[in-house]
Every structure is written in C-alpha cells, then in structure tokens.
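Structural overview
Spelled out from the first residue to the last, the chains are:
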Amino acid sequence: MAGESNGAGVFGSSIRRREDPELITGHAKYTDDLQLPGTVYCTILRSPYAHAKINSIDSSEAEALDGVIGVYTAADIEESGTPGAIPVGWLLPDMKIPDHTMLAKDTARHVGDGVAIVVAEDQYTAHDALELIWVDYEALDGIADPKKATADGAPLVHDMAPNNIAFDWEIGDKEKTDAAFAGAAHVASLDIVNNRLIPNAMEPRAALADYNSITGELTLYMTTQNPHIHRLLMSLASLGLPEHKIRVIAPEVGGGFGSKIHHYPDEAITAWASMQVGRPVKWTATRTETYITDAHGRDHVTHAEMAVDADGKFLGLRVDTYAAMGAYLSTFAPAVPTYLYGTLMSGEYDLPAIHCHVYGVFTHTTPVDAYRGAGRPEATFVVERIVDEAARVSGIDPAEIRRRNFVSPDNFPYPTQVALEYDSGNYEGALDKALAAIGYDDFRRDQAAARSDGKYLGIGLSTYIEACGLAPSAVVGSLGAQAGQWESAVVRVHATGKVTVYSGCSGHGQGHETTFAQIVASALGVPYEDIDVIEGDSGVMPHGWGTYGSRSAATGGSAIASAAEKVVDKARTIAAHLLEAAEEDLEFEDGNFFVKGSPDQAQSLPDVALQAYLAHNLPKGIEPALEATSFYDPANFVFPFGTHIAIVEVCASTGHVELQRYLAVDDVGNVINPMIVDGQVHGGIAQGVGQSLFETAVYDEGANLLSGTMLDYAVPKAHFLPSFETDRTVTPCPHNPLGVKGVGEAGTIASPAAVVNAVVDALAPFGIAHIDMPVTSEKVWNAING
Amino acid sequence: MYPSKFDYHRPSSVQEAVQILSANPDAKVLAGGHSLIPVMKLRLATPSALVDIGRIDALQGISRSNGSLRIGACVTYDEIANSSTVQEAAPLLAEAAGQIGDRQVRYRGTIGGNLSHADPASDLPAAALALGATLHVTGTGGSRSISATSFFVDLMMTALQADEILTEVEIPAAGAGTGSAYAKWEHPASGYALCGAAAVVTRNADGSCASARLCFNGVSSTAVDASAVGASLAGSDLSDGAIESAVNDNLSIPDATGDMFASAGYRQELAKVMGASALRTARDRA
Ligand SMILES: Cc1cc2nc3c(=O)[nH]c(=O)nc-3n(C[C@H](O)[C@H](O)[C@H](O)COP(=O)(O)OP(=O)(O)OC[C@H]3O[C@@H](n4cnc5c(N)ncnc54)[C@H](O)[C@@H]3O)c2cc1C
C-alpha cells in the first residue's frame, strides 16, 4: 500500500491492521490453543443459588471417578497456606470491604460463585466429575435490585455491610445546588435505570498455569488486558508468590471490553491447582460461566434533576444513584460509579452547581465492574437525557439548549464543579458539523410531514464528553487507586536498524501492533515494516498497567514517543561524532542525520545503530547499543468529545424502533490511523446501541439470572444496525507529545443517549418523557397505549 | 463442548435406526443437530446414545407427484428454501425455511428435526399446519401417517413414539388462486419467532375469499391455528378492512406465552399485526 513503508507519513495513514491476517485465518493462538506437555484440566463447580449457606460438600464420588486427580474446596486452599484473597484495587473512604476468597467458604453469594474445583486428566472427566460433587446448600433469600437492596429488612449479602451499602459517596456542592434549584424557572426530572450488561467478549476467559516447584516459578498464560496488574495482585493478595517468580503472559486475547481487567478467583485457582498437582493446569470458561462470572457492567438506578432558568441556561444538576456492586467488590468496581461517573456530570456544559450522590450497593449477583466506558456511559446517559428533558420542559429545541450551555472554546482550561479540569474543546464545532451532515432542519420538516401521515420519526442528540487516557498517577492515587496509571515503553533499535518496541499496554483487538509501529516509524524515520511491537508478557517488558479506559494511545503511545525521542537524541550524539560535527548543527529527516545544507553526507539511523552496537568509535561517555526506556505519567486525563445523532422510526402499532441513521462526529485529537479509529467508533456505537435497544441482564426477584445464554441476551446482529456515518473534528490534546486522546469507548459512551433521545423525540406527540433501556418494542407499545 | 458420555450409531436404513432406538430407550435421533447438540452441550439432554440419521438415503430428497409434495425428513432448510419444486408447490414452506436462523443453521437444520423438536418458537410448525401437511412416521411397529393438526401435542411434545422416526412430510401442492406468506417477528436474541404468522389464502374467480388459514408460531406452547379468523374471512372481499376486522374480532390466542421478552398481552397484539400483514401479502399473491 502506498506510503506504507515511508517513515515520515506513516502517522495518520490508514494502514491495514497487521494483526488481522493471523486473526482472520485462524492462526492466532489464544490461551486455550496452547498445549503444554502433561497438561491437566480444571473445572469449577458453581453455586446454582443466588444466596445459600453451604452446610457441607461431599466430593468422594467425584474423587473416585477414573481420571480425577483431585477435588478441592475453600478448606483445601486455606490448609495449603496460600492467602487466597481476591483483592479490591480501589479504596473509598469508609468502604465496607468484605472477605472475598478464591472459593466460597460457608456462603454462596451469587449464581456462579465458585464452590469447589475438579482437576482431571481430560476435560470430559473434569466436567463429568462436577456432577458427582454433592453440596448441601441451604437456600436463602437473595436480592438483585440495587435500590431495593438498601431497604431495611432486605436480605444481606454481607453481614458487615448494613443495608447492603458498600459505600456512600458524593461529589459537588449540595447546598449550592439546592440553592440553584430555588431560583429555577423550569425543573427537569427523570428516573433512569441504566440496565445491567453482560460483556460477551468473543473469547471466554481461560488460564493455563505451569508451576515449577523446583524453581518456585509460576508461568501463567491467561486472558488478560493487563498482565502486570494480575501479577502484582496475585503476588500481593491471592497467591502470595514473590512477584519476580510470577510470569503472566497474555497470548492473543479475543476481546475484553473491561471484563479481562479484573482479578477473578478463577485464574488464581488454576495457578493454585498447578501448585497442588505439580503439572500444568488449564481452565477455560464455558459460555455459561462467562455469563455468570465475567464482571457485568452498569446496573444503576438514578434520579436526576436539572434546574433551568427562563433563558434555557442550566443552573444546577442533582443526581442520586444506587449502583450495584454485585456480591463482592471487584478489582476497580468502586471507581466506576464514583470517580469515573460523578466527575463527568458537567458534560460539555458550563454548569454552575452540581451535586452527585452515589450508594454502592451489594446485591446477590455477579460482581459489576468496568465495562466499555466504565462510568462515563452511565454519566453521559444521565446528562444527555436530562438535557433533552430540560429542553422539553422549557420548550427549547434540543440542539439550541445545548448550544446555549456549552463551555465556549475560549473558556479552557475549564474547571468543572466535579473535580475535572477540561483542557481543550470546541463543542459547538462538532455539533454544527454533525447537524449539517445529518440535515437537521430538513429532518425537522420531514418529521412534521411524517407525523401527519401517522409515521413517527425521531432525532436524538448526544453531545458527549468523556475523560480517559487513565491517568495521572498521583491524581488517581489521591482518589483511592491502589495502582499507578503511567505507562512504559522500550524502543530497541537493533544493530541492523530494525526496531522492536515493547509496551506495557496489552492490546486485545485494538490494533496496537499497527498503530504503535506507526508512531515509531514517524518518530525514527524507519520503514514501518522494520518495526515490531510486543506486548502482554510480564517476563519481557517493564511494568505496565495494561489496556482499558481508552488509555493506550494517550499513555502507552506517549511513552513510546518519548522513548523514541530518547533514541533519536542518543543517535544524534553518535551521528554528530561520526560526522565530526556539532550536535546542534545536525538535521534529522526521514531517518537521516546530516549537517544542515549537506544532506548527501548523511548517517542513517541504521548506520548509527550499527556503530552503536560495534562500539568501536563512540563519543566519550556514551554507552553502547541503541535503545531507550520511558515511563510516561500523563499530566491530565484526555477529553474526547463530539456529537452523535441517531434517527429512528417508531412503529405505533407494534412499538418497533428502527434505527435508520446514526452519525458520529468525534474529536479524539490527532489520529494515528483513521481506519482503526473508525473501527473503534463503529464497534463502540454498536455496543451502545446494543445497550439502548436490545441488551439487558435480567434477574428475577430471587436474584436468579434469567438471561444466562445467548438465546436470551440480545447482542445486536449486523442486520439490526444501519451503516454508521463517521466524521471528525481535531482538537489535539495539549498535554501529551502526540496530541492524541482516546477512542476506544467514545462510541459506547455517546450512543445510548442518542438513541433513547431519538425514540423519545419520535414519541413527542404521545407526551412520553422517558423509556428505560433497552427500549424494546413492548415497552414502547406500552408507553403509547398505556 | 463437553457433553456427558454417549454412544454413537450411524444406521443406513430407517429399519436399522428404529431397531437401535427401540433397543436403547434413552437414545435420541440426531438429524441436523442444531437443537439437540446445544442442549447436550448444556447437559440439559444426556442421551445414552445418538442415532445419526443423516446418511439414510430414504430420508433425503424433494419430489412432487399426484398433486402432492414430498420432502424427506433430513432435507435441510437451505435445500427447501432454494428448491424450485417447493417454491412452486408450497411457497410458504420455502419462505419460512428461508427465514430460519442464519446460513449455517440453514445448511444443517432439517425439516424433520424442526417438526419433531416441536419448539413452539421455531418457524416450520405453523407452515405445516397452514399447509395441511401430513407427517409420515416409521417405528418398530410399522409406518403411519399423522396430520400436522394432531402431530403437535404440547411444548416440545409430538405424537411421535419413542421408537418412531419422522420420515417424510407430505403437502398438498398449491392450486390456482392460492397465495401464502410468512411474516416473522424475530426474537432479538435467539432469532426464533417471537411471533410468526403463516397465512394461506385462496380466492374465487371473482376475487372473493374461497378459504383462508392463519397459523402462528411463537405465541403459545404449540403452533396455533387461528381457525376462527380463517372462517370469518371466507366469502369476504379480502379488502384490508375485511382482513383487519377478521383478525381484530376473531383472533384470540389461548394460553398465550408471556415471558421476559414479551408479555402474553403484547404477543396477542403482535399476532394481530403480524397476522393481518401475512394475510394481506398472501392475498396479494393469490
Ligand atoms: C443459532 C441457531 C439459530 C436457530 N434459529 C432458528 C430459527 O430462527 N427458527 C427455527 O425454526 N429454528 C432455529 N434454530 C433451530 C434449528 O432450526 C434446528 O435445526 C431445529 O430446531 C432442529 O432440527 P435439526 O435437524 O437440527 O434436529 P436435531 O437437533 O438433530 O434434533 C432435534 C430433535 O428432534 C429429534 N429428531 C430429529 N430428527 C428427527 C426425525 N426425523 N424423527 C424423529 N425425531 C427427530 C431429535 O432426536 C431431537 O430431539 C436455530 C438453531 C441454532 C443453533
């Protein structure tokens, strides 16, 4: 492809993803594809009850089955001396932190809670043996609704957390906000349920553990978005092995959406099993297990109110949320409905008063944690829905009310009332571009005409902002993170001028092997083909924090850029020496160093690299070889923003919602690879549309999961969706070397509100203020006929 | 997938197959496997043996003679949807088969498996009812024929005995003046019929309705024949208004299914909308 190998122009071009041929042809190796000699297999017996006392476990029949090596329970783990604690990695003040062990001890707290494990010679036996373990359960009442769970008398998930409240958190200024409401001309008010979602990564979670009892080394291949975090937490909490004796490797990982960030019990159990039996042990989740154990997303019950003055200016926003934590506190769960949620309540708006109060609530359900967008989709949905409702109650067009309230481009940096400081933006620019592209005024005319024919068209805006690129370490540390959020990179130029880049990020579908090589190709002027990118092995690259929170480009990419810059600096020193010139007289262009005005007498980067490795003639004080390591800690979050617009037609006789058009104008800063950015936007929108129209995890009153299979849980199919239209504005990030922001979650964050706003707009003639997600045909039909 | 242990048989004749079935009471017939394998994967079905009927020649093939269409039990949806013989003689069946699942499902799933499984949400039972199909079955005691009306007994229950195999589906070929249509409301997750309306309409020379039949998948524990709707349309002019009132006044689904996707009441409403739509299309094609 043209331009592919030309170093300088590579940044910003739509190079095809180099990881795709292997993935598409089925040659990529995932965890479950790996085979070690002597591998045995682990299966996990899981509670069928939402809440039950475990009186006793009889595993004798299972143990007697031919091929079974062992059956183990919590008592065995305890006896082994392994700490066995599943940690939470984000602490909030006064948070209740109940014990979470690798297997449930005396109580099962959600359907899917691990109770015992089998290790057997083959998978069939391992699964057969599960049916021969007899657990004496005493069923107890369970509860799944996060608001009802706080009522007096509701079944308790943990006795140590009265009313099931894990934490009681707030941000903003309550008094100031109450005062703002006192002076309001209009008040918009909505009750909003943010539906619980199941991640559905294509590859189920899996682990292959190989413990060497002689060296004390554990090699753990697993489905992870962040091998170093898993190593750290396993060393500190669950396994208690020395950190340098644990090597966590992420082979090809088939999607995560957050679900492979967390430290679940299962991968640690697999490692523990390998320590017990002295052989490699493999565990691969069935799809049923992924539904009941992969951390779910969202699950908020919220009341929101916006105070508006007579001119449509926002005066104050008040938000009260009950956020489900599920049965235990998952790794980063406490951060999601707090610092990743409450801090975004200002949206793109100049909002003088905000107060957001959140209860984190235990429920007898699968734990809830980060899922694509993590907190920001929930916040954006609240803000963009209440803004539309504010427009409705004040009789102002939704585009116009947004325009009146945007933070204006000359107002940056803009400190919000909820801790974040926005560094840059041009919100009206994106809105105007999107309105023009969709033909907003024409649509309003068509809509009016259609209504008189009994056809209900609707348009929905979502002018979103999000904070990603996690994150300044000191900031997140002060907010409770038990982790840093900088990122590492090594840029190693080999003697022949070929380059290997190591990143502490850990891609699982994002295309880092392509985009990170593009960054380096441009920085070093080396052909793109000469650069390889390696990630996902705690034994190979320096500590990193992995891939989630749309952080890889902004933090990992910046680390790579800064390591590449160090390489160029060192190479310049050597080149100056070789050219017998002063460093400041050298130019560096397309990979060549030369004295200004004499480009024909150049030392190319490969020339310099060879000399650096030979070390026969290096300047004084310069070490041999040519590589550099960087640890990049960002100065701030990055703030992608934009306008998404959905157009729907609602069928009044069935309630069916047809998504007819979807247009996104995103500002993700400088773009490394437009095709990959478009791909992320498309996937993100599909996922957000999934939440808004189709997907939902349904628990019954007793907290049994009813939507536990793909027959019941509606992930959108291609034919449910129109072809998305995408465009961009470019406001570079002012504080990182590449000017990049993040794009991995923007689509998921923006789209639910756009779709629901469109449905509510279509139903305006019926006076319908809100319909909860997923907006199913039946809900719409009921709203029309109710 | 890790089902529990089972024996596997691949007989080459129907006789052999029914012998194995009668000797193994816990055995199950395996056709396309697209309903049976998923439940075995979940260990909701744990047959002691599978009797794979996929290589029995007598269960293959589509033919038309003496005014009737005959389809072997192991004929796939893809073959049915694309067969010109079926498209001419029973276009409703081709249309319904073409709307099942996705391509992979249509390449594997069979008409015999679909009808024998009697999943109320599957797409072929209503067509079989509306077309007045006769199901030919063979067991150790010999062969018999069952009308579609008496074949579907209850949720996942048919008139088949444990040692019987459905061998062939026979359908009277469509005569002149007959039109049909299948209107499916797809379940957003499974893709099965949340409500599938199968309509067959025959017009007299003057355009009036000679007969009409409207049957449904997905709305009750078995496929439903809304015979009152059909009866009330007979003799009508088949105008949109006539169809609308026939459906609104006469359609009631006994024991309509209600679940987390659609309440019983909503299914009734959908059945009206989908039923009227299928009837209008069938009329236009008649
Ligand atoms: C992803 C997916 C999507 C699907 N979507 C749809 C859909 O939209 N609409 C729809 O209608 N179906 C759908 N199906 C189900 C599909 O149509 C199945 O193929 C069908 O239900 C069963 O047919 P089979 O040939 O696969 O039978 P099998 O799965 O092999 O058998 C099903 C049952 O019937 C019995 N059986 C099979 N053949 C005979 C016979 N000749 N005589 C006696 N007993 C027999 C078996 O013992 C078993 O109990 C879907 C399936 C999948 C996996």
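The structure under discussion appears in the preceding block.
On a predicted model such as this, the values are computed, not experimentally measured, just so you know.

Observations concerning the overall build of chain B
A count of helices and strands for chain B gives twelve helices and 14 strands. The C-alpha atoms of chain B give a radius of gyration of 19 Å, which matches the 19 Å a tight globule of 286 residues would have. Taking the principal axes of the C-alpha coordinates as reference, chain B spans close to 60 × 45 × 35 Å. When burial is assessed residue by residue, chain B has 52% of its 286 residues classed as buried.

As for the overall build of chain A
Scanning chain A for helices and strands turns up 19 helices and 28 strands. Relative to its length of 786 residues, chain A is compact, with a C-alpha radius of gyration of 27 Å against a globular reference of 28 Å. For the C-alpha atoms alone, the extent of chain A along its principal axes is close to 85 × 75 × 50 Å. With the model as given, the accessible surface of chain A reaches about 26900 Å², and the carbon-plus-sulfur share is 50%. Averaging the locations of the 50 positively and 102 negatively charged side chains of chain A gives two centres separated by 3 Å.

Some remarks on the interface of chain A and chain B
The interface of chain A with chain B comprises 26 residues on the first partner and 23 residues on the second. At the junction of chain A with chain B, the criterion picks out three salt bridges. Here Glu186(B) makes a salt bridge to Lys717(A), at a shortest N to O gap of 3.9 Å. Applying the counting criterion to the chain A and chain B interface returns seven residue pairs in polar contact (both at pLDDT 80 or more). Taken together, the elements giving at least two residues each to the side of chain A that touches chain B come down to helix 4 (123-130), helix 8 (287-293) and helix 19 (777-785) of chain A. Looking at the side of chain A that touches chain B, the element that brings in the most residues is helix 4 of chain A, giving four residues.

Here's the deal with the sheet that holds strand 24 (residues 603-604) of chain A
Residue and element names in this part refer to chain A. Strand order in the open sheet formed by three strands is 22-23-24, and the pairing between neighbours is antiparallel. The outermost strands of the open sheet, each flanked by one partner alone, are strand 22 (586-589) and strand 24. As judged from the two bridges shared by strand 23 (residues 592-595) and strand 24, these two strands associate in the antiparallel manner. Counterpart to Phe593 in the pairing with strand 24 is Gln603.

Section: the site of the ligand
Residues and elements named next belong to chain B. As a structural note, the neighbourhood of the ligand is formed by 30 residues, with Val29, Gly33, Ser35, Tyr77 and Thr110 the closest of them. Between the ligand and Gly32, the relevant distance is 2.8 Å, taken from an oxygen atom to a main-chain nitrogen or oxygen of the residue. Between the ligand and the protein, one listed contact pairs an oxygen atom with a backbone N or O atom of Gly191 at 3.1 Å. Protein contacts shield 90% of the accessible area of the ligand, which totals 960 Å² for the unbound molecule.

Comments concerning helix 9 (residues 376-394) of chain A
All names here are of chain A. With 19 residues, helix 9 should cover 27 Å at 1.5 Å per step; its first-to-last C-alpha distance of 26 Å lies within 8% of that length. Burial of helix 9 is extensive: 17 of the 19 residues sit out of reach of the surface. At the exit of helix 9 stands Gly395, carrying a positive phi of roughly 70°.

Here's the deal with the sheet that holds strand 10 (residues 165-172) of chain B
Residue and element names in this part refer to chain B. Pairing in this open sheet of five strands is antiparallel, and the strands run 4-5-10-6-7 from one edge to the other. Across the chains shown, the open sheet's two edge strands, defined by having one partner strand only, are strand 4 (62-65) and strand 7 (142-147). Here the average twist between neighbouring strands, direction ignored, is 25°. Judged from the five bridges that link them, strand 6 (residues 134-139) and strand 10 form a sheet pairing that is antiparallel. Bridge pairing in strand 10 links Leu135 to Val169.

Observations concerning the packing of helix 9 of chain A against helix 18 (residues 746-762) of chain A
Residues and elements named next belong to chain A. Viewed as axis vectors pointing N to C, helix 9 and helix 18 meet at an angle of 30°, and their least axial separation amounts to 8 Å. On the basis of the axis angle, helix 9 is roughly parallel to helix 18. Note on packing geometry: the crossing formed by helix 9 with helix 18 is right-handed. Taken together, the residues of helix 18 that come into contact with helix 9 (itself represented by Arg376, Pro377, Thr380, Phe381, Glu384, Arg385 and Asp388) are Thr748, Ile749, Pro752, Ala753, Val756, Asn757 and Val760. A breakdown of the residues in the contact of helix 9 with helix 18 according to their chemical character gives seven nonpolar, three polar and four charged.

Comments concerning a negative patch on the surface
Residues Glu565(A), Asp569(A), Glu583(A), Glu584(A) and Asp585(A) make up a contiguous surface patch of negative charge. Residue position: Asp569(A) is located in helix 15 (residues 552-579).

Here's the deal with the packing of aromatic side chains
Residue and element names in this part refer to chain A. Tallied over the full model, the rule gives 22 aromatic pairs over all chains. Aromatic side chains Tyr427 and Phe641 sit 5.0 Å apart centroid to centroid with 80° between the ring planes, which places their arrangement in the edge-to-face category. Pair noted here: Tyr427 is in helix 11 (residues 427-438) and Phe641 is in strand 26 (residues 641-650), with a separation of 214 residues, a long-range link. The pair Tyr427 / Phe641 is uniform in exposure class, with both members buried. Ring centres of Trp486 and Phe631 lie 5.5 Å apart, and the angle between their planes is 80°; this geometry places the pair in the edge-to-face category. Pair noted here: Trp486 is in the loop between helix 13 (473-478) and strand 19 (487-493) and Phe631 is in strand 25 (residues 626-632), with a separation of 145 residues, a long-range link. Among the aromatic side chains, those forming a connected cluster through ring pairs are Phe314, Tyr349, Phe406, Phe412, Tyr427 and Phe641. Sitting above the plane of the Tyr264 ring, Arg205 keeps its charged end 3.5 Å from the centroid. Here Arg318 stacks its cationic end above the ring of Phe181, 3.8 Å away from the centre of that ring.

Reading the values: rules and limits
- Residues numbered from 1 in each chain as written.
- Chains lettered and ligands numbered in written order.
- Predicted model: local features only at pLDDT ≥ 70, side-chain atom pairs only at ≥ 80, totals over all residues.
- Heavy atoms only, no water.
- Helix = DSSP H or I, 4+ residues; strand = E, 2+ residues; numbered from the N terminus.
- Rg over C-alpha atoms; globule rule 2.2 N^0.38 Å.
- Buried < 20%, exposed > 50% of the residue type's maximum accessible area, 1.4 Å probe, protein only.
- Areas by Shrake-Rupley, 256 points an atom, 1.4 Å probe, with all protein chains shown as cover.
- Lys, Arg positive; Asp, Glu negative; His and termini not counted.
- Charge placed at Lys NZ, Arg CZ, Asp CG, Glu CD.
- Contact = heavy atoms within 4.5 Å.
- Salt bridge = Lys/Arg side-chain N within 4 Å of Asp/Glu carboxyl O.
- Polar contact = N/O pair within 3.5 Å; in protein donor to acceptor, adjacent residues only side chain to side chain.
- Pairing = 2+ DSSP bridges.
- Near = heavy atom within 4 Å.
- Expected span 1.5 Å × (residues − 1).
- Axes fitted to C-alpha atoms, helices over the stretch in contact; angles between N-to-C directions.
- Parallel < 35°, antiparallel > 145°, perpendicular 65-115°, else oblique.
- Left-handed = near helix turned anticlockwise from the far one by under 90°.
- Nonpolar A, V, L, I, M, F, W, Y, C, P; charged D, E, K, R; others polar.
- Patch = residues over 30% accessible without salt bridge, like charges linked within 9 Å, V, L, I, M, F, W, Y side chains within 5 Å.
- Phe/Tyr/Trp six-rings, centres within 6.5 Å; stacked < 30°, edge-to-face > 60°.
- Lys NZ or Arg CZ within 6 Å of the ring centre and 35° of its normal.

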